[in-house]
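# Breakdown of the fold
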Amino acid sequence: MTTKNKPHLFSYDLSVKRKTEGVIKWLFRIATYIVILAAGYLFANIIYNGSKAVFNVRAPFINIDFLTQKPQTLHVYEPKLIYAELKKINAQQVALRSELKGLSLMDDIGVASIKSKLKTLEQKYEELDAERKEGRLLFSDTEYRKLDQTPFSEEYTYSNYAYSGGGIGPAIIGTCLLVFGSIAIALTLGILCAIYLSEYSRPGRVLRIIRLSVLNLSGVPSIVFGLFGFGMFVLFFGWGVSMIAGWFTLAIMALPVVITASEESMRAIPKGFREGSLALGASKWTSIRTNVIPYALPGILTSSIMGIARVAGETAPIMFTAAFALRDQLPWEGLNEWTDFFFQGVMALPYHIYVVSSKIPQNEYTRDMQYGAAFVFLFIVGFFALSSIVLRARVRKKYKW
Amino acid sequence: MVTKTNSSLKECTPIIEVSELDFAYGSTQALFNVSMDIYEKQVTAFIGPSGCGKSTFLRCFNRMNDLIEVAHTKGGNIKINGVDINKPDVDVIELRKHVGMVFQKSNPFPKSIYDNIAYGLRIQGIKKKEILDQVVEECLRSAALWDEVKDRLQESALGMSGGQQQRLCIARALAVKPRILLMDEPCSALDPVATAKVEELIHELKKNYTIVIVTHNMQQAARVSDRTAFFYLGKLIEYDATDTIFMNPNNEQTEAYVSGRFG
Ligand SMILES: Nc1ncnc2c1ncn2[C@@H]1O[C@H](COP(=O)(O)OP(=O)(O)OP(=O)(O)O)[C@@H](O)[C@H]1O
Ligand SMILES: [Mg+2]
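Residues numbered from 1 in each chain as written. Chains lettered and ligands numbered in written order. Predicted model: local features only at pLDDT ≥ 70, side-chain atom pairs only at ≥ 80, totals over all residues. Heavy atoms only, no water.

## Things to note about helix 12 (residues 293–312) of chain A
- Of all the bends in helix 12 of chain A, the greatest, near 30 degrees, is centred on A:G299.
- Helix 12 of chain A sits mainly inside the fold: 16 of its 20 residues count as buried. (Bend = angle between axes of the 7 residues up to and from the residue. Helix = DSSP H or I, 4+ residues; strand = E, 2+ residues; numbered from the N terminus. Buried < 20%, exposed > 50% of the residue type's maximum accessible area, 1.4 Å probe, protein only.)

What follows is the structure in structure tokens.
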């Protein structure tokens, strides 16, 4: 206590100030932790559940069938005896539970006895369930059709579940096609528009209005884009539910990001580069082509590709315009003419996840499909984001100032 | 001495003739009724306090002011080699090839040294390597830069020192073979040694080019220029042989400015 300082000009009012400082700091900290927790839980959950479908314990460790095959109906044969036993236990459990509800809270002994009964039943159930999993036979459609002889109906009960077997191959391919196509369209249209806005247009009211409407476009809910695409491309242009309709819908949705990012990147290029080349006798377009776009490109590509990859993950814009819930053929199969390629619907991961999660009866087998698809989808989006970063690093190395 | 310079100056032919030029940014006029002749193969310096319109005037010669939305010529004209450069049939691209410009802030492109010099030719569609090689060497030699950079032509121009960058910009301007070279405070960001090099270079270039230079540095104007024009508030106050302007100016304001009493 001898070191306790006398109050001086800058001495701290420990009690109040430090406390408020501390509280405020913790407020910020907690908010950050919540965000990290949420993100961490999301990724952990999807990776944990998804990896069951995507990975194998045996070599080659990756479930190739899941990644390449079409979604199929799963045919399940379960051992009849165990199945019946499980049903019985289930019925007992239900009965006990309702009995428990009927008891008054005062009846301690009764409650305790029922609870212990429930517990033993639960254990038994789990054991049997493990046995059932061991003993059951699973067949996908193709395998099922190839069977010479179905398992004996005396020993097995049969049931089947839509969308729960096979894989998500067509959806992966469809999503990649949708992403590539919409990137191409959005980049072309967006960069052209951004060049006009940043280099050619005269500042003034009109430009402000254009900018404002571009910004507003980014606030439009995705379902509205979906409806717009449906009305415009599917019905009015008569393209039908097709890949090209999906491309344009997604591209228009991504345009605000591309335009804003490109315009900003181009504005960031020093005026001296433009003036320097103009003073050497370059035409305006030459100057832009050789001395603005190359330096702006890294910024344009990174922000745009990230933005488009995000948009391409949306379900709403493609669900009326491009996505099929189930399609037996891959996009390059069964084409009469090469143009048919663009005018066919495709399966897509986000829509597939939506379908298997909400359009079919839920059961233990769909779960793997949902999470597996979500996992693969995350991976693909992450891949696009990563590749845009790598691309930027490479272009930037070439041009930097 | 002064008369002798004057008489020698009189023999030259005017290459830029400005008559009664009025120039404005929107509603604010920046140049008032400026008339002057600039002579071939001489160095002409523009001096004057900040904001008096030197840069504006200089940028009229290669119509760089076209880039500024609100800028416009209100009256008068500028003739270069006898052609009124504001006529609609003038190709501004040809004009800018004829009238090169070096900016205050050196602006090498973020490309290699070689590509910087070759830029002016490449945009004209000249792709032959022999021609480009030759021009690059020629220009770097004229800009007294060849010996310093000949071993790293493919390296980025941004790795050069500030003075080298500015001389590179001069070399780059020379590559399109201009007749006139405009320089807007080319040494304002350079140290004395680099400045001396650029001044030396200007002296060298005078043999082949007409040079117009804007400077805030009186000594520099006195050292490098043959003629000096003093501007004040958008008006041309006095224009004469450099010696006259610095030693025996006619106008009081000019005298006050060059002797450092205001500005
Ligand atoms: N882009 C522009 N828009 C509007 N007014 C401008 C613009 N550029 C210059 N002016 C105005 O024109 C006048 C002359 O400017 P200018 O740049 O020619 O001066 P300067 O003599 O080059 O000055 P400094 O020595 O500081 O470079 C100034 O009053 C300035 O405010
Ligand atoms: Mg200036």
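## A look at the nonpolar core
- Among the nonpolar cores identified, the biggest contains 68 residues, and A:F66, A:I168, A:L178, A:I183, A:I318, A:L349 and A:V376 are the most heavily contacted of them.
- In terms of residues, this core owes the most to one element, helix 6 (residues 169–200) of chain A, which gives 11 residues.
- Beyond its immediate stretch of four places on either side in the chain, A:I318 contacts A:L178, A:L250, A:A323, A:A348, A:P350 and A:Y351.
- With 47 residues, the next largest nonpolar core counts B:A143, B:A175, B:L181 and B:C187 among its residues. (Core = buried A, V, L, I, M, F, W, Y, C linked by side-chain atoms within 4.5 Å. Contact = heavy atoms within 4.5 Å.)

## Quick word on the packing of aromatic side chains
- Following the criterion strictly, the structure yields 29 aromatic pairs over all chains and no others.
- Ring plane angle 45 degrees and centroid distance 5.6 Å describe the contact between A:W239 and A:F248, whose orientation is recorded as tilted.
- Residue A:W239 is classed as partly exposed on the basis of its relative accessible area, which comes to 22%.
- A ring pair is formed by B:F46 and B:F57, whose centres lie 5.3 Å apart and whose planes are at 25 degrees; its orientation type is stacked. (Phe/Tyr/Trp six-rings, centres within 6.5 Å; stacked < 30°, edge-to-face > 60°.)

## As for the side chain of A:S304
- Along the polypeptide, A:S304 turns up in helix 12.
- Each residue touching A:S304, except ones within four places of it in the same chain, is listed here: A:L187, A:V258, A:A261 and A:S262.

## Brief notes about the pairing of strand 9 (residues 227–232) of chain B
Residue and element names in this part refer to chain B.
- Within strand 9, five of the six residues are buried, which leaves the element mostly enclosed by the surrounding structure.
- Two elements, strand 3 (residues 43–47) and strand 9, share four bridges in a ladder whose sense is parallel. Among the inter-strand pairings, A45 is bridged to a residue of strand 9, identified as T228. (Pairing = 2+ DSSP bridges.)

## Side note on the domain arrangement of chain A
- Split by domain assignment, chain A resolves into domain 1 (74–160) and domain 2 (169–398).
- The gap between the C-alpha centroids of domain 1 of chain A and domain 2 of chain A is 48 Å. (Domains from an automatic or database assignment.)

## Description of the packing of helix 8 (residues 222–236) of chain A against helix 9 (residues 243–267) of chain A
Residue and element names in this part refer to chain A.
- At a minimum axis distance of 9 Å, the contact between helix 8 and helix 9 shows a crossing angle of 135 degrees. If you check the angle between helix 8 and helix 9, you find them oblique. When the axes of helix 8 and helix 9 are compared, the crossing they make is right-handed. Counting all contacts with helix 8, which are made through S222, F225, G226, F228, G229, F233 and V234, the residues of helix 9 involved are A245, F248, T249, I252 and M253.
- The residue inventory of the contact of helix 8 with helix 9, partitioned by class, reads eight nonpolar, four polar and no charged. (Axes fitted to C-alpha atoms, helices over the stretch in contact; angles between N-to-C directions. Parallel < 35°, antiparallel > 145°, perpendicular 65-115°, else oblique. Left-handed = near helix turned anticlockwise from the far one by under 90°. Nonpolar A, V, L, I, M, F, W, Y, C, P; charged D, E, K, R; others polar.)

## Some thoughts on the sheet that holds strand 2 (residues 28–39) of chain B
Residues and elements named next belong to chain B.
- Ordered in space as 2-1-4-5, the four strands form an open sheet in which the pairing is antiparallel. Each of the sheet's edge strands pairs with one partner strand only, and the pair in question is strand 2 and strand 5 (83–84).
- Two elements, strand 1 (residues 14–25) and strand 4 (residues 71–80), share eight bridges in a ladder whose sense is antiparallel. Looking across to strand 4, one finds that I16 is bridged to I80.
- The strands touched by helix 2 (residues 54–61) are strand 1, strand 2 and strand 4; relative to strand 1, the strand with the most contacts, the crossing angle is about 125 degrees.

## Examining the site of ligand 1
Residue and element names in this part refer to chain B.
- With respect to spatial proximity, the complete set of residues near ligand 1 consists of Y25, A30, S50, G51, C52, G53, K54, S55, T56, I68, E185 and H216.
- Between an oxygen atom of ligand 1 and a main-chain N or O atom of G51, the distance comes to 2.8 Å.
- Take S55: an N or O atom from its side chain is 2.6 Å from an oxygen atom of ligand 1.
- Surface burial for ligand 1 is 61%, taken as the share of its 630 Å² of free accessible area covered by protein chains.
- Broken down by element, the residue count for the shell around ligand 1 peaks at three residues, all from helix 2. (Near = heavy atom within 4 Å. Polar contact = N/O pair within 3.5 Å; in protein donor to acceptor, adjacent residues only side chain to side chain. Areas by Shrake-Rupley, 256 points an atom, 1.4 Å probe, with all protein chains shown as cover.)

## Regarding the packing of helix 6 of chain A against helix 12 of chain A
All names here are of chain A.
- With their axes 10 Å apart at the nearest point, helix 6 and helix 12 run at an angle of 135 degrees to one another. The angle between the axes of helix 6 and helix 12 places the two elements in the oblique class. Of the two possible hands of crossing, helix 6 and helix 12 adopt the one that is right-handed. Contacts between helix 6 and helix 12 pair V179, S182, I183, A186, L187, I191 and I195 from the former with I293, I300, L301, S304, I305, I308 and A312 from the latter.

## Description of the environment of A:R145
Residues and elements named next belong to chain A.
- As for its position among the elements, R145 is in helix 5 (residues 141–146).
- Under the relative-accessibility criterion, R145 is labelled exposed at 62%.
- Separated by 69 residues in sequence, R145 and V214 place their C-alpha atoms 54 Å apart.

## A few points about the side chain of B:T228
All names here are of chain B.
- Its location among the elements puts T228 in strand 9.
- A distance of 3.0 Å separates a polar atom in the side chain of T228 from a polar atom in the side chain of T242.
- Those residues in contact with T228 that sit more than four places away from it in its chain are A45, I47, E238, Y239, D240, A241, T242, I245 and F246.

## Quick notes on the pattern of salt bridges
- All chains considered together, the criterion is met by 19 salt bridges over all chains.
- For the salt bridge of B:R59 with A:E275, the shortest nitrogen-to-oxygen distance reads 3.4 Å. With B:R59 in helix 2 and A:E275 in helix 10 (residues 271–279), the pair connects residues from two separate chains. Comparing B:R59 with A:E275, the two get one shared label, buried. (Salt bridge = Lys/Arg side-chain N within 4 Å of Asp/Glu carboxyl O.)

## Here we look at the state of the cysteines
Residues and elements named next belong to chain B.
- One pass over the structure, following the stated rule, counts zero disulfides over all chains.
- For the unlinked cysteine C60, the closest cysteine sulfur is that of C52, found at 13 Å.
- Taking relative accessible area as the criterion, C60 reaches 5% and is therefore assigned buried. (Disulfide = S-S within 2.5 Å.)

## Examining the interface of chain B and chain A
- At the interface, 22 residues of chain B touch 21 residues of chain A.
- Across the chain B/chain A interface, buried area totals approximately 1800 Å², and carbon plus sulfur atoms make up 65% of it.
- Of all residues in chain B, B:E69, B:P110 and B:Y119 give up the largest surface area on contact with chain A, accounting jointly for 29% of the area buried on that side.
- For the pair chain B and chain A, the interface holds two salt bridges.
- With its nearest N and O atoms 2.8 Å apart, the salt bridge here joins A:R202 to B:E69. (Buried area = accessible area lost by both parts, 1.4 Å probe.)

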